[in-house]
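Summary of the model geometry
Here are the chains, one letter per residue:
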Amino acid sequence: MSHEPIIGIDLGTTNSLVAICDAQGPRTIPDRSGSPLVPSAVRYAQGTTVVGADARRDATAHPRHTVLSVKRLMGRSLAEVGADLPFLSYAVEAGPRGTCRVRLPGDPGAADLVLSPEEVSAAVLRHLKLLAESHLGREVRKAVITVPAYFDDAQRQATRTAARLAGLEAVRLVPEPTAAALAYGLGLSSADRTPRHVAVYDLGGGTFDISILRLTPAEGEDPFFFQVLAVGGDTRLGGDDADHLVADLFRREILARTGAAPAPESTQGLISLAEQVKIRLSEHETAPVRIDLGPAGVYERTLTRAEFESLITPLVDRTIDRCRIALASAETELAGKPLDAAVLVGGSTRIPLVRRRVGECFNLEPYTALDPDQVVALGASVQAAVLSGDRRGTLLLDVIPLSLGVETVGGAVAKVIMRNTPVPARATEMFSTSVDNQTAFRLTVFQGEREMAADCRRLGEFHLRGLPPMPAGIPQLEITFLVDANGVLGVSALERRSGRRASMQVIPNHGLTPEEVDRIEQESVTHAREDMTRHRIVDLIANSNLDLKWIGERFDRFSGELPPPERDSLSACMTRLRGLVARATADWKGVAPDELHQAKESLDRASVRLQEISIAASLRGSTARPG
Ligand code: AMP
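Residues numbered from 1 in each chain as written. Predicted model: local features only at pLDDT ≥ 70, side-chain atom pairs only at ≥ 80, totals over all residues. Heavy atoms only, no water.

Notes on the overall build of the protein
- For the protein, the helix and strand inventory stands at 15 helices and 26 strands.
- Here the C-alpha coordinates of the protein stretch approximately 105 × 70 × 50 Å along the principal axes.
- In the protein, buried positions account for 49% of the 627 residues.
- Summarising the internal contacts of the protein: among those between residues at least 6 apart in sequence, 65% fall at separations of at least 24. (Helix = DSSP H or I, 4+ residues; strand = E, 2+ residues; numbered from the N terminus. Buried < 20%, exposed > 50% of the residue type's maximum accessible area, 1.4 Å probe, protein only. Contact = heavy atoms within 4.5 Å.)

See below:
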């Protein structure tokens, strides 16, 4: 990084993150525990200030010394924060000119500590600054900090002051939804000057925000210009409510089964268990629940995703209602144009029902490629890189620099979109299964020019589950790759016979420098001949195995109907091909592809008569089945 570094900071109510964007693209910086999420918690005791995970973990032991959620107090008067006070464990009082002050008991013999919200926020910012400095190995003095879209002047000013107290110049305050859009490169396009309209749906643990933005590519220092067209939300609605609904269900069922309600002191335990169940249901269709009630027995049940979804539907409905209101208030500005993207932010947007409903509401497949907890910080770092002149619009691309494909049987990669294809690009390929009765299909997505998956860059994987059992080769898997103008790759899989679908999103170029793209391309040239041979062998093995299986089954049933010389020659062809396949499987260099190809062709030719007999038999309704 040649210029003075500018870091991106998401200064959140519950968690804060710091990110940087350099030649490797935007990335968050993890703290000592390995997580980039730094709890916005500060404990003041024994003359020391403890920030982050340690302060959060011990908050219940030191409720009056630990400041949580201070963002709710920033730049606001005591009167304005009245509704928040019952949720805060520490004392809040009026300071000069109606501002808020946090009062914490002093150490024994010392006076109470009275702090402004700015000072507490500064402690969090200082912690993030140090994290970035130890990661970068140099001093950091400037930051782009995100603020909620609804923050007024006083709240913004308080954020700037907090930065100054932490030794950071806030070179720009960026609305959180704008940062989320920037993380996806939305609004950075300089070639195309048409404005983009983006919805940012942010559902965290305790709050919900919806924003509709307009991003207009512009000239000058910033490559974009943004306007917030509408905001909405609910400061008391989030994933925590889902936990309470699930915990309530458990409580009701325990009461119904045992005749006794769970003890009040078990409430927190029930809520934590409910959260674990909820998180599991984002990935799985079912979650097992088992609670040992002591003498009252054991409460055991399996919660399905469908049951969970019907429980939380009213919560999700409330967020969707707010989205509709926001859309309606942006109606004049949108002038009938559809939205270009919907971006998801906040841990609760991992819930599949939330993703589905947001998609339906905005009539768009929402963006999910980036971690919803990190997207705001990543976007802040993109804005920082733009301001530092380090990388202007680096996320943008005109062509796809490296081919994109999926892994096929045997570890080869079937390329779906070839390198140098202009964006946006879309391509569809048909695949099938190689094993009978396969009910799930794993799709692994790769990037690169080499022929084998092991030599390419793995971008991610997903599963298409719930397929009805079918013989190998019968399922029709339609795999679609779509790279949009912002370089976001969506891969979707549809099994046509059953209608089952699954999909994923990634940003293939994150973390790739231009030098790496060159190196990967060069390697493919160096290995081209060997790679082609290997790919050919792997495909021949897969196809030969399918042939051997199909012909072998029919041979067992109908060989009695073949004239003996044909039967013997067919049997010899099968033995020969089996032998070659076994050798090639053990070592792909052990067999020449042409030899394998010829053996496969010979078997195909030798099996013509058998195929005719088998077709005739199936036309007769399989009455010829022997035995
Ligand atoms: P945030 O405030 O953005 O950190 O979001 C925290 C909320 O996201 C909490 O309610 C978590 O329980 C919830 N959450 C985190 N991961 C998941 C997940 N995989 N599925 C559902 N909810 C999640």
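Still more to cover.
Side note on the confidence of the model for the protein
- Taken residue by residue, the protein gives an average pLDDT of 91. The fraction at 70 or more is 96%.
- Predicted confidence for residues 623-627 stays below pLDDT 50, and this span has six contacts to residues more than four positions away or in other chains. (pLDDT = per-residue confidence, 0-100.)

Description of the environment of isoleucine 613
- Note on placement: isoleucine 613 falls in helix α15 (residues 608-619).
- Judged by relative accessible area, isoleucine 613 falls into the buried class, the value being 5%.
- With 54 residues separating them in the primary sequence, isoleucine 613 and serine 559 have C-alpha atoms 9.3 Å apart.
- If we skip the residues at most four places from it in the chain, isoleucine 613 touches Phe558, Glu561 and Leu562.

Remarks on the site of the ligand
- Surrounding the ligand, one finds 15 residues, the nearest of these being Gly205, Glu275, Lys278, Ser282 and Gly347.
- Take arginine 350: an N or O atom from its side chain is 3.0 Å from a nitrogen atom of the ligand.
- Protein chains bury 80% of the 500 Å² of accessible surface belonging to the ligand in isolation.
- Ranked by residues supplied to the shell around the ligand, first place goes to helix α6 (residues 267-283) with four residues.
- When its residues are assigned to classes, the shell around the ligand shows two nonpolar, eight polar and five charged. (Near = heavy atom within 4 Å. Polar contact = N/O pair within 3.5 Å; in protein donor to acceptor, adjacent residues only side chain to side chain. Areas by Shrake-Rupley, 256 points an atom, 1.4 Å probe, with all protein chains shown as cover. Nonpolar A, V, L, I, M, F, W, Y, C, P; charged D, E, K, R; others polar.)

Examining the side chain of lysine 129
- Within the fold, lysine 129 resides in helix α2 (residues 117-136).
- For lysine 129, a relative accessible area of 11% translates into the label buried.
- Those residues in contact with lysine 129 that lie beyond four places of it in its chain are Ile7, Val140, Ala166, Gly167 and Leu168.

Structural notes on a nonpolar patch on the surface
- A contiguous nonpolar patch, built from Tyr150, Val228 and Val231 and spanning about 250 Å² of accessible area, is present on the exposed surface.
- Tracing the sequence through the fold places tyrosine 150 in the loop between β11 (142-147) and α3 (153-165). (Patch = residues over 30% accessible without salt bridge, like charges linked within 9 Å, V, L, I, M, F, W, Y side chains within 5 Å. Salt bridge = Lys/Arg side-chain N within 4 Å of Asp/Glu carboxyl O.)

What to know about the packing of α2 against α3
- One way to put it is that α2 packs onto α3 with a least axis distance of 8 Å and a crossing angle of 55°. Judged on the interaxial angle alone, α3 and α2 are oblique. Here the hand of the crossing between α2 and α3 comes out right-handed. Taking contact as the criterion, the partners of Glu118, Glu119, Ser121, Ala122, Leu125 and Arg126 in α2 are, on α3, Ala158, Thr161, Ala162, Ala163 and Leu165. (Axes fitted to C-alpha atoms, helices over the stretch in contact; angles between N-to-C directions. Parallel < 35°, antiparallel > 145°, perpendicular 65-115°, else oblique. Left-handed = near helix turned anticlockwise from the far one by under 90°.)

What to know about the sheet that holds strand β19 (residues 404-407)
- Spatially, the four strands line up as an open sheet ordered β20-β19-β22-β23, and their pairing is antiparallel. The outermost strands of the open sheet, each flanked by one partner alone, are β20 (413-417) and β23 (457-464). The average undirected angle you get between the axes of adjacent strands in this sheet is 30°.
- Examined bridge by bridge, β19 and β20 share four bridges and lie antiparallel to one another. Within β20, the position partnered with valine 406 by the bridge is alanine 414. (Pairing = 2+ DSSP bridges.)

With respect to the sheet that holds strand β18 (residues 341-345)
- With mixed pairing, the four strands of this open sheet are ordered in space as β15-β14-β13-β18. The open sheet has two edge strands, β15 (224-234) and β18, and neither has a second partner. The mean angle between the axes of side-by-side strands here comes to 20°, regardless of whether they run parallel or antiparallel.
- Here strand β14 (residues 208-217) runs beside β15; their pairing, made up of ten bridges, is antiparallel. Considered in β15, the bridge of threonine 216 is made with phenylalanine 225.
- Against the sheet, helix α7 (residues 305-329) touches β13 (196-203), β14 and β15, its axis set at about 35° to β14.

A look at the nonpolar core
- Counting 45 residues, the largest nonpolar core has Tyr201, Ile210, Ile212, Phe250, Phe308, Ile312 and Phe362 as the members making the most contacts within it.
- Ranked by residues supplied to this core, first place goes to α7 with eight residues.
- Not counting residues up to four positions away in its chain, the partners in contact with isoleucine 312 are Ala242, Leu245, Ile351 and Leu353.
- Val38, Leu88, Tyr90 and Val124 belong to the second largest nonpolar core, which has 42 residues in total. (Core = buried A, V, L, I, M, F, W, Y, C linked by side-chain atoms within 4.5 Å.)

Comments concerning the domain arrangement of the protein
- Here the protein is described as being made up of domain 1 (6-237 + 315-397), domain 2 (239-313), domain 3 (404-509) and domain 4 (527-623).
- Of the residues lining the interface, 15 residues belong to domain 1; the matching set on domain 2 comes to 13 residues.
- Both faces considered, domain 1 and domain 2 share a buried interface measuring about 1000 Å² in area, 55% of it formed by carbon and sulfur atoms.
- The salt bridge partner of arginine 356 is glutamate 309, with a shortest N-O separation of 3.0 Å.
- Across the contact surface, domain 1 and domain 2 share eleven residue pairs in polar contact (both at pLDDT 80 or more).
- Of all elements in the fold, only α7 and α9 (352-362) reach the threshold of two or more residues within the side of domain 1 that touches domain 2.
- In terms of residue count, the dominant contributor to the side of domain 1 that touches domain 2 is α9 (four residues).
- Its residues assigned to classes, the side of domain 1 that touches domain 2 comprises six nonpolar, four polar and five charged. (Domains from an automatic or database assignment. Buried area = accessible area lost by both parts, 1.4 Å probe.)

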